[in-house]
Amino acid sequence: MTESTALDTAHAAMQADPTSDAARLRFFERLADSELFLMLTEEARDENISPELFDVADGRFVLAFDREDRLAQFAGRPVPYVALSGRVLSGMLSGQGIGLGLNLETAPSSMLVPAEALEWLAETLQHSPQEVEEELAEFLPPAGLPQALLSALDAKLATAGGLASAAYLVATKSKSGAQGHLLGFVDAIEGAEPALAKAASEALTFSGIEAGAMDVGFFTASEAAAALLAKVGLRFDLPQPQIAETIREAPGSNPDNPPILK
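These notes cover the structure that comes with them.

A word on the packing of aromatic side chains
Phase 1 of the analysis: Following the criterion strictly, the structure yields 7 aromatic pairs and no others.
Phase 2 of the analysis: For the pair Phe28 and Trp120, a centre-to-centre distance of 5.5 Å together with 75° between the ring planes defines the contact as edge-to-face. One end of the pair, Phe28, is in helix H2 (residues 21-33); the other, Trp120, is in helix H5 (residues 115-125), and 92 residues separate them in sequence.
Phase 3 of the analysis: Consider the rings of Phe185 and Phe218, whose centres lie 5.5 Å apart with planes at 15°: the pair is stacked. With Phe185 in strand E10 (residues 179-186) and Phe218 in strand E11 (residues 215-219), the pair connects residues that are 33 residues apart, well separated along the chain.
Phase 4 of the analysis: According to the relative accessible area criterion, Phe218 is partly exposed, its value standing at 31%.

In structure tokens:
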């Protein structure tokens, strides 16, 4: 029996409770973070790709699968494909009236994702966190945050391996007396701050929590604040890469340089 994927699990939860906005948001978060294998009409050339397009009664769709063997099972023959994340694919298709046939006929998560849903996902992923410059006076143990947010943060930060040594969630009190929460990253690598802040923002968005519920900060391990974070905060470990490798950039692997539809 084929092992279930994260998309299978999230899809099952969404199907089990069709009225749950939280389950629907979690599914789309998993879709955005998953690596998908997009069926093409011909081999990709540089950044130009030509997806297979299928017209059905519900509209026009591309086909993508979250496992290579599922793509092979559906096609029944060798076909060209490209691997790219759900977030890149949604941005690429946004505004074109094209939906996504996901894992069709090969998995429990088989479904047609309408073009409108992909457009919503692409727009949601473009939201950036606002920078907060309130001067903080005190770090306290986090309290009152829903489990949905903690689970979303845990899942999201698991995809940010190597970008920081750890993250701590704390309650905060500012010098003006305002209270809130902060996710503090320790020893983020240079240039990773925007990606980490966006990951935290997406965890809020896809857990259905108001964006103002949490700020983001960056600290070095040598700062006194980092020791305070470790003392009172809820720790999230970011996976650390075992071996540093130089990997040739594949079409669609860089969201700042998305593939071009032919």
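Back to the write-up after that little detour.
Considerations on the pairing of strand E1 (residues 35-39)
Phase 1 of the analysis: Counting buried positions along E1 gives 4 out of 5 residues, so the element sits mostly inside the fold.
Phase 2 of the analysis: Of the strand pairs in this sheet, E1 and strand E5 (residues 81-85) are connected by 5 bridges, and their pairing is antiparallel. Bridging from a neighbouring strand, Leu36 pairs with Leu84 of E5.
Phase 3 of the analysis: Sheet topology note: the E1/strand E4 (residues 59-65) ladder contains 2 bridges and is antiparallel. The partner of Phe37 across the bridge, within E4, is Phe65.

Describing the pattern of salt bridges
Phase 1 of the analysis: Within this structure, the stated rule accounts for 13 salt bridges.
Phase 2 of the analysis: Arg60 serves as the salt-bridge partner of Asp55, at 3.0 Å between the closest nitrogen and oxygen.
Phase 3 of the analysis: Between Arg67 and Asp69 there is a salt bridge, with its nearest N and O atoms 3.0 Å apart.
Phase 4 of the analysis: Owing to a relative accessible area of 26%, Arg67 belongs among the partly exposed residues under this scheme.
Phase 5 of the analysis: Salt bridges linked by common partners bring Glu29, Arg30, Asp33, Arg87, Lys156, Lys198 and Glu202 together as one network.

Section: the nonpolar core
Phase 1 of the analysis: Membership of the largest hydrophobic core comes to 30 residues, with the highest contact counts inside it found for Phe27, Leu31, Leu38, Leu89 and Leu100.
Phase 2 of the analysis: The biggest single contributor to this core is H2, with 5 residues.
Phase 3 of the analysis: Excluding residues that lie within four positions of it along the chain, Leu100 makes contacts with Leu31, Leu36, Phe61, Val62, Ala64, Leu89, Met111, Leu112, Val113 and Leu118.
Phase 4 of the analysis: Counting residues in each nonpolar core, the second largest holds 20 residues, with Leu145, Leu149, Leu153 and Leu196 among its members.

Let's talk about the packing of H2 against helix H7 (residues 193-206)
Phase 1 of the analysis: It is at 9 Å that the axes of H2 and H7 come closest, and there the two elements cross at 150°. Comparing the axis directions of H2 and H7 gives the class roughly antiparallel. Contact with H2, carried on its side by Leu25, Arg26, Phe28 and Glu29, involves Glu202, Ala203, Thr205 and Phe206 of H7 and no other residues of that element.
Phase 2 of the analysis: Classifying every residue of the contact of H2 with H7 gives 4 nonpolar, 1 polar and 3 charged.

Criteria and cut-off values
Residues numbered from 1 in each chain as written. Predicted model: local features only at pLDDT ≥ 70, side-chain atom pairs only at ≥ 80, totals over all residues. Heavy atoms only, no water. Phe/Tyr/Trp six-rings, centres within 6.5 Å; stacked < 30°, edge-to-face > 60°. Helix = DSSP H or I, 4+ residues; strand = E, 2+ residues; numbered from the N terminus. Buried < 20%, exposed > 50% of the residue type's maximum accessible area, 1.4 Å probe, protein only. Pairing = 2+ DSSP bridges. Salt bridge = Lys/Arg side-chain N within 4 Å of Asp/Glu carboxyl O. Core = buried A, V, L, I, M, F, W, Y, C linked by side-chain atoms within 4.5 Å. Contact = heavy atoms within 4.5 Å. Axes fitted to C-alpha atoms, helices over the stretch in contact; angles between N-to-C directions. Parallel < 35°, antiparallel > 145°, perpendicular 65-115°, else oblique. Nonpolar A, V, L, I, M, F, W, Y, C, P; charged D, E, K, R; others polar.

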